[in-house]
Number of protein chains: 2
Amino acid sequence: MAAYNELSKEELLELKEELEAQFAEVKTKNLNLDMSRGKPSAEQLNLSMEMMDVLTSGSRLICEEGVDCRNYGVLDGIKEAKQLLADMMEVPKDNIVIFGNSSLNVMFDTISRCMTHGVLGSTPWCKLDKIKFLCPVPGYDRHFSITEYFGIEMINVPMTSTGPDMDIVESLVSSDPAIKGIWCVPKYSNPQGITYSDETVHRFAALKPAAEDFRIFWDNAYGIHHLYDDKQDYLIEILMECKKEGNPNMVYKFSSTSKISFPGSGIAAIAASDDNLKEIRRQMQIQTIGHDKVNQLRHSRFFGDISGMVNHMKRHAAIMRPKFDIILSTLEKELGGLGIGSWLAPRGGYFISFDSMDGCAKKIVAKAKEAGLVMTDAGATFPYGKDPKDSNIRIAPSYPTLEELKLACTIFILCVKLASIDKLLEDK
Amino acid sequence: MAAYNELSKEELLELKEELEAQFAEVKTKNLNLDMSRGKPSAEQLNLSMEMMDVLTSGSRLICEEGVDCRNYGVLDGIKEAKQLLADMMEVPKDNIVIFGNSSLNVMFDTISRCMTHGVLGSTPWCKLDKIKFLCPVPGYDRHFSITEYFGIEMINVPMTSTGPDMDIVESLVSSDPAIKGIWCVPKYSNPQGITYSDETVHRFAALKPAAEDFRIFWDNAYGIHHLYDDKQDYLIEILMECKKEGNPNMVYKFSSTSKISFPGSGIAAIAASDDNLKEIRRQMQIQTIGHDKVNQLRHSRFFGDISGMVNHMKRHAAIMRPKFDIILSTLEKELGGLGIGSWLAPRGGYFISFDSMDGCAKKIVAKAKEAGLVMTDAGATFPYGKDPKDSNIRIAPSYPTLEELKLACTIFILCVKLASIDKLLEDK
């Protein structure tokens, strides 16, 4: 089929009629499909059910240090959980602190602490007139919500195929002391699935910020969330790279087991330099009596070690792979060469990012909803929910079944085509 | 035996020699005893071990609303956990939000939110020059640590046998708009075991604060932690009382299952008015993807309902009661009538509060440590760790065994007597 922009008005109108008929038919099915959030499927959750059997009333809930995990004590995580998550995050276990059930919470608390207490002795951010964060776009909506909640001004930085545009990042970070941070999902990024190149990571580590309290918020949410055994992305470890560049304190690294065991019932961690962790522990000892050690023990004993966790992730991949394949092959088959959308084929993570013609994303998402398919809100991948081009749509294939995904793809493709035709007709 | 202050210098010196000999003998035993923290004993923890069997790989982890507890979703707690903790906290289940593993964390986050975002539209506290909190003393050290961490000035308010001195509370709260809160442990208070009288609760509810964003931080940590079946304290429910007085928003109420199931692996909750909860949920939806629902389900299914929880607490009481009895009977037997110390006999909670002669508490705690007995630091029950009279010592009888407690009592009594004699000799 020819690219849509080469079609005449008449051809477009004819095509539209045909597609509208198909859409009307789909609507009669009263479907209820959801490709909006990066939720693991029930099949994936079943992979971890044996975790429920790891601890029983006959178990000895004593961790390696000899502490009874059922009682108070141990502020920053039991030894075996530290080792497991340190290996997962590719950092020394002394550079890790275990938190509660979600890394989002750790990120929120980190920003909140910067607001009220500053960073390693700097002025608390809440005492400053203006605080800014760089936001590579498209990005993760919940990151942007945190900075928005704290009244932090967000500045868009375009993503490239190798990570954020580092020319822009370097220029802004080195010149504006109000810029205190940048949100990063460096591996299998949300939503594009891009992994930062070696050069990008190196340039991050070598940043010369105008603000001494500038921090990189490195949310390595998908560090071991590969789709393939053979084709895998590698990411340079940022803590070590920052240390080498003489910037050991410049980064906070976050991760969790949310999409490894059970979302919301996993364990999260922060990795950082000794100085940063000292400050974090100082807050922790006021904020909490320590996080859930029983759950730390449950996770440690279930996975055994990082190799056990990696094997577990292969089972996740086996479930996720065909779902990504359906979306990608359908996009290619139905939209390839039409010039009305572009996308990347990620090797891991939870999302496929779709870019429509400018000004079409909202219409596509609204139209999909009409037919019973919920997509992530258009704009959600940008700060303040504002996609300047109104073109980015995040596709989350994990939760629906394969059958549901096939239907969802059909609807999505129809909506993309119809919105694109309307757009093209506007200019005819 | 006569009161110590009626003894002559010679009699005191003679007694001292005798006690020093006993102390020297105890020291040779190289004991390692700890009455410092309110930690449940292993025997108490064993009461909840069957909670480890409640969920297995064969369980259906679907909560009453039909949500899969293993996945994302449900921000403020599953229905059955809300019902259980609402009953525990004696509030409607619509006025409760379930949090993570500790109420301390909820209190910290609450103050942190007041600092960065104010309260129901008020100026964020971090933007104000001075913030003050009232602190009934003696009180809970971790409360005071939170307010100290945020640079909030703490003002001591003396406790009476019916709760904080309400004349002082009313006068300060109604006159000083910089006073934004008061810390309360209203039932079986930490450390005295005092329960606020009906009149005290009523006067709290009827406060007319100068600051519109004044809040009562009502930490009902020991609401169902009775020692006896027959002798139990009752506490008027503060949310309803505030509502009746036209002050529905004036109180945040906190609680958790820390000393019911496993400390650090339980579930916590806040109870508050609709307006307050709306603000709290607004923060929550930014801060977290929701707390650990699997653990909420585990707790709900283990306890069944509030009646199951109350029965469970009777088993705790059966373990705690003899421990309190040993301390109280030994204090009475060894120190009764000597005029060198006073204490209360609580009907619940985790502590016994001992008041030595002025200026003796630090010496007693230091001397006990010499003999291998760790007590809570003298001063810890006051803001900034400063007990103006240096007289209050918190005794935590829960963790040691009965045998250990007997030894610990012997040491403690010796230390009290010796420090008192030294004090009396100073004036001779």
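Here is a short report on the structure shown in this document.

**Quick notes on the packing of aromatic side chains**
Going through the model one piece at a time under the given rule, you end up with 36 aromatic pairs over all chains. On the numbers, 6.5 Å between centres and 55 degrees between planes, the contact of Tyr252 of chain A with Phe254 of chain A is tilted. Owing to a relative accessible area of 0%, Tyr252 of chain A belongs among the buried residues under this scheme. Consider the rings of Phe302 of chain B and Phe303 of chain B, whose centres lie 5.0 Å apart with planes at 65 degrees: the pair is edge-to-face. Residues Phe302 of chain B and Phe303 of chain B agree in their burial class; the two are buried. For the cation-ring pair, Lys231 of chain A lies above Tyr228 of chain A, with the distance from its terminal atom to the ring centre recorded as 4.1 Å.

**Some words on the packing of helix H4 (residues 103-117) of chain B against helix H5 (residues 141-149) of chain B**
All names here are of chain B. One way to put it is that H4 packs onto H5 with a least axis distance of 10 Å and a crossing angle of 25 degrees. Relative to H5, H4 is oriented roughly parallel. Remark: the crossing between H4 and H5 carries right-handed chirality. Residues Leu104, Met107, Phe108 and Ile111 of H4 form the contact with H5, whose own contacting residues are Arg142, His143, Ile146, Thr147 and Tyr149. Its residues assigned to classes, the contact of H4 with H5 comprises 6 nonpolar, 2 polar and 1 charged.

**Considerations on the sheet that holds strand E3 (residues 132-137) of chain A**
Residues and elements named next belong to chain A. The strand order across the open sheet built from 8 strands is E2-E9-E8-E7-E6-E3-E4-E5, with neighbouring strands paired in mixed fashion. Looking at which strands have only one partner, the edges of the open sheet turn out to be strand E2 (96-98) and strand E5 (163-164). Most of the contacts of helix H5 (residues 141-149) go to strand E6 (residues 179-184), to which it runs at about 160 degrees, and overall it touches E3, strand E4 (153-160), E6 and strand E7 (215-219).

**Focus on the relation of the copies chain A and chain B**
You can overlay chain A on chain B at an RMSD of 0.0 Å; the transform is a turn of 180 degrees with a shift of 0.0 Å along its axis. Here the copies are linked by what is in effect a two-fold axis. The overlap is high: 100% of the interface residues of chain A also sit at the interface in chain B, so the same surface is used on both sides.

**Here's the deal with the pattern of salt bridges**
All names here are of chain A. Scanning all chains against the criterion turns up 38 salt bridges over all chains. With a closest N to O distance of 3.2 Å, Glu370 and Lys27 form a salt bridge. In this pair, Glu370 sits in helix H12 (residues 361-370) while Lys27 sits in helix H1 (residues 9-27), placing the two residues 343 residues apart along the sequence. For Glu370, a relative accessible area of 46% corresponds to the partly exposed category. The partner of Lys363 in a salt bridge is Glu426, and the shortest N-O contact between them spans 3.7 Å. A residue pair is termed long-range when its members are at least 10 positions apart, and Lys363 in helix H12 and Glu426 in helix H13 (residues 402-426) qualify at 63 residues. Assessed through its relative accessible area of 44%, Lys363 is described here as partly exposed. Several salt bridges converge on common partners, so that one network encompasses Asp167, Glu170, Glu199 and Arg203.

Reading the values: the criteria
Residues numbered from 1 in each chain as written. Chains lettered and ligands numbered in written order. Predicted model: local features only at pLDDT ≥ 70, side-chain atom pairs only at ≥ 80, totals over all residues. Heavy atoms only, no water. Phe/Tyr/Trp six-rings, centres within 6.5 Å; stacked < 30°, edge-to-face > 60°. Buried < 20%, exposed > 50% of the residue type's maximum accessible area, 1.4 Å probe, protein only. Lys NZ or Arg CZ within 6 Å of the ring centre and 35° of its normal. Axes fitted to C-alpha atoms, helices over the stretch in contact; angles between N-to-C directions. Helix = DSSP H or I, 4+ residues; strand = E, 2+ residues; numbered from the N terminus. Parallel < 35°, antiparallel > 145°, perpendicular 65-115°, else oblique. Left-handed = near helix turned anticlockwise from the far one by under 90°. Contact = heavy atoms within 4.5 Å. Nonpolar A, V, L, I, M, F, W, Y, C, P; charged D, E, K, R; others polar. Pairing = 2+ DSSP bridges. Least-squares fit on C-alpha atoms with pLDDT ≥ 70 in both. Salt bridge = Lys/Arg side-chain N within 4 Å of Asp/Glu carboxyl O.

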